[in-house]
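Descriptive analysis of the structure
Listed below, chain by chain, are the residues.
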Amino acid sequence: QVHLVESGGGLVQAGGSLRLACQATATSGSIFRGDPMGWYRQAPGKQRELVARIIRRNTEKYADFVQGRFTISRDNAKNTIYLEMNFLKPEDTAVYYCNYEGLGATYWGQGTQVTVSS
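All figures in this text were calculated on a predicted structure; none of them were measured in a lab.

Our next topic: the overall build of the chain. Assigned secondary structure in the chain consists of 0 helices and 11 strands. Helices (α) and strands (β) of the chain occur, in sequence order from the N terminus, as β-β-β-β-β-β-β-β-β-β-β. Expected size for 118 residues packed as a compact globule is a radius of gyration near 13 Å; at 14 Å, the chain falls within 12% of this value. Across the 118 residues in the chain, those meeting the buried criterion constitute 43%. Counting only contacts in the chain whose residues sit at least 6 apart along the sequence, the fraction spanning at least 24 positions is 53%. Surface exposure of the chain reaches about 6400 Å², of which carbon and sulfur atoms provide 47%.

Moving on to the state of the cysteines. Under the definition given, this model contains 1 disulfide. At a sulfur-sulfur separation of 2.0 Å, the disulfide partner of C22 is C98. Measuring the twist about the S-S bond at about -80°, one finds the C22-C98 disulfide to be left-handed. In this pair, C22 sits in strand β3 (residues 18-26) while C98 sits in strand β9 (residues 94-102), placing the two residues 76 residues apart along the sequence. Both residues of the pair, C22 and C98, count as buried.

Rules used throughout
Residues numbered from 1 in each chain as written. Predicted model: local features only at pLDDT ≥ 70, side-chain atom pairs only at ≥ 80, totals over all residues. Heavy atoms only, no water. Helix = DSSP H or I, 4+ residues; strand = E, 2+ residues; numbered from the N terminus. Rg over C-alpha atoms; globule rule 2.2 N^0.38 Å. Buried < 20%, exposed > 50% of the residue type's maximum accessible area, 1.4 Å probe, protein only. Contact = heavy atoms within 4.5 Å. Areas by Shrake-Rupley, 256 points an atom, 1.4 Å probe, with all protein chains shown as cover. Disulfide = S-S within 2.5 Å.

Take a look at the structure:
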């Protein structure tokens with residue numbers, strides 16, 4: 001079982017920045033640095049979608065809408081991933097969820113709200 005705790009969401013004006021963090025804790029087994037972790041988001045009335053993901057060997061994948069504005073990073077010593085979000089737009093408003101794939105399952109955090117005002 002893996003527990004994911006997100007932090008860093010909030011309200012920001014368009015053009016501003018936020019940094020999200022997600023720490024993974026395993027109640028049994030270990031978090032391996034090669035296991036994929038990432039960020040997804042879900043806006044009201046829309047499906048959950050990929051924002052950014054780190055897979056094996058720190059290979060990063062970003063959604064097209066990121067357009068160079070966001071950076072995902074990982075601190076393996078802390079079992080934590082980060083999402084640095086710059087030049088935020090109102091359409092980035094959503095609940096952002098942390099995701100971890102490992103130990104035979106897929107896990108989700110509780111989500112953190114990001115609201116971008118125009």
